[in-house]
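The residues making up each chain are set out below.
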Amino acid sequence: MEKAIIVKNIVKKYKLYSGDKERILDLLLPKSYGEDFYALAGVSFEAEKGDVIGFVGMNGSGKSTLSNIIAGIVPETSGSVQVNGQAALIAVAAGLKADLSGRDNIELKLLMLGFSKEEIKELEPEIIEFSELGKFIDQPVKSYSSGMRSRLGFAISVNVDPDILIIDEALSVGDKAFAEKSLDKMKEFKKQGKTMIFVSHSIGQMKRFCDKILWLEYGMVKDFGPVGEIIPKYEKFLNEFKKLPGKEKEKYKEEAMKRQQEALLEKV
Ligand SMILES: Nc1ncnc2c1ncn2[C@@H]1O[C@H](COP(=O)(O)OP(=O)(O)OP(=O)(O)O)[C@@H](O)[C@H]1O
């Protein structure tokens with residue numbers, strides 16, 4: 001099978017600062033300031049061409065960080081990502097310039113993707129029509145609601161016909177009719193055998209749409225496999241976790257952080 005995405009041992013470290021003073025000291029002085037925080041601690045997985053993979057996990061488990069790294073928007077701290085083909089990320093406001101109008105954003109994005117002036121002229125009306133933004137297309141994006149931004153982002157990304165589509169919660173902010181239209185477009189892509197990554201908290205959408213699931217927990221892979229195998233395990237976990245008293249939840253987190261530290265030590 002042809003591989004579309006190969007993610008190897010991805011680590012993403014953020015620095016958490018107590019304030020601007022610490023941030024500036026860290027920039028200026030050789031001594032390190034601030035606290036290291038690992039959003040991803042050695043994540044590996046592979047997607048075959050045509051796979052539709054859902055990322056699940058509790059808030060803060062690293063789903064968006066991983067999808068942004070695969071899309072090339074956020075750099076990894078260490079590890080490697082190989083993407084075979086052109087990837088497009090759809091997330092609320094991903095890559096949109098707030099001061100520019102919707103139309104200018106379409107043109108800029110297409111120029112950056114290497115489309116010629118003629119190709120842009122041809123594609124633009126289709127994108128505007130799909131976005132359903134009407135006369136708002138000539139207003140600055142900063143005046144858009146999050147649903148409108150998501151619609152613009154979605155309209156651009158699906159109409160440039162990428163090889164790999166990464167969709168991060170984009171469907172949860174639009175209205176229901178637009179979400180349905182977007183899901184139809186995604187189904188069309190799935191039929192064409194495109195590779196897709198789908199980040200959502202909606203278990204229903206995951207079941208309807210994905211073939212495989214990558215379950216992240218505190219920046220680590222908890223499980224990876226067919227949707228029919230992983231989603232029941234994940235649902236069972238969520239139900240049980242919800243019922244735990246606060247202290248037990250804390251203990252669970254502490255143990256996971258210990259595993260994270262051990263995983264990171266192995267990578268050094
Ligand atoms: N720029 C940043 N600086 C510091 N920490 C960050 C930054 N971006 C993300 N994080 C932290 O990294 C962790 C992973 O965040 P991420 O958004 O990837 O999680 P997620 O699984 O997508 O969460 P959610 O389900 O809430 O969207 C979180 O604890 C978050 O606070």
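Residues numbered from 1 in each chain as written. Predicted model: local features only at pLDDT ≥ 70, side-chain atom pairs only at ≥ 80, totals over all residues.

A. Local environment of the environment of K15. By the element assignment, K15 lies in strand β1 (residues 3-16). When the C-alpha atoms of K15 and Y33 are compared, they prove to be 8.5 Å apart, with 18 residues separating the residues in sequence. Once you skip the residues sitting within four places of it in the chain, K15 turns out to touch D26, G34 and D36. (Helix = DSSP H or I, 4+ residues; strand = E, 2+ residues; numbered from the N terminus. Contact = placed C-beta atoms within 7 Å.)

B. Fine view of the site of the ligand. All residues adjacent to the ligand are Y14, F37, A39, G57, N59, G60, S61, G62, K63, S64 and T65. Elements with a minimum of two residues in the shell around the ligand: β2 (35-48) and α2 (63-70). When residues in the shell around the ligand are grouped by element, the largest group, 3 residues, is from α2. Considering only residue class, the shell around the ligand consists of 3 nonpolar, 7 polar and 1 charged. (Near = placed C-beta within 6 Å. Nonpolar A, V, L, I, M, F, W, Y, C, P; charged D, E, K, R; others polar.)

C. Summary view of the nonpolar core. Judged by nonpolar contacts, the single largest core of 58 residues is most densely connected at L66, I70, I166, I197 and F198. The contacts of L66, once residues within four sequence positions are left out, are I10, L40, V43, F55 and L216. (Core = buried A, V, L, I, M, F, W, Y, C linked by C-beta atoms within 7 Å. Buried ≥ 20, exposed ≤ 12 C-beta atoms within 10 Å, placed from the backbone.)

D. View of the sheet that holds strand β4 (residues 78-83). The strand order β2-β1-β4 describes an open sheet built from 3 strands, whose pairing is antiparallel. Single-partner strands in this sheet number two, and they are β2 and β4. The mean angle between the axes of side-by-side strands here comes to 20°, regardless of whether they run parallel or antiparallel. Of the pairings in the sheet, the one linking β1 to β4 comprises 5 bridges and is antiparallel in character. Directly across from K8, in β4, lies its bridge partner S80. (Pairing = 2+ DSSP bridges. Axes fitted to C-alpha atoms, helices over the stretch in contact; angles between N-to-C directions.)

E. Layout of the confidence of the model for the protein. Of all residues in the protein, 96% attain a pLDDT of 70 or more, and the chain-wide mean is 88. Element-level mean pLDDT values for the protein span from 73 in strand β5 (residues 87-91) up to 97 in strand β8 (residues 212-217). Note on the complex model: pTM 0.84, ipTM 0.96. (pLDDT = per-residue confidence, 0-100.)

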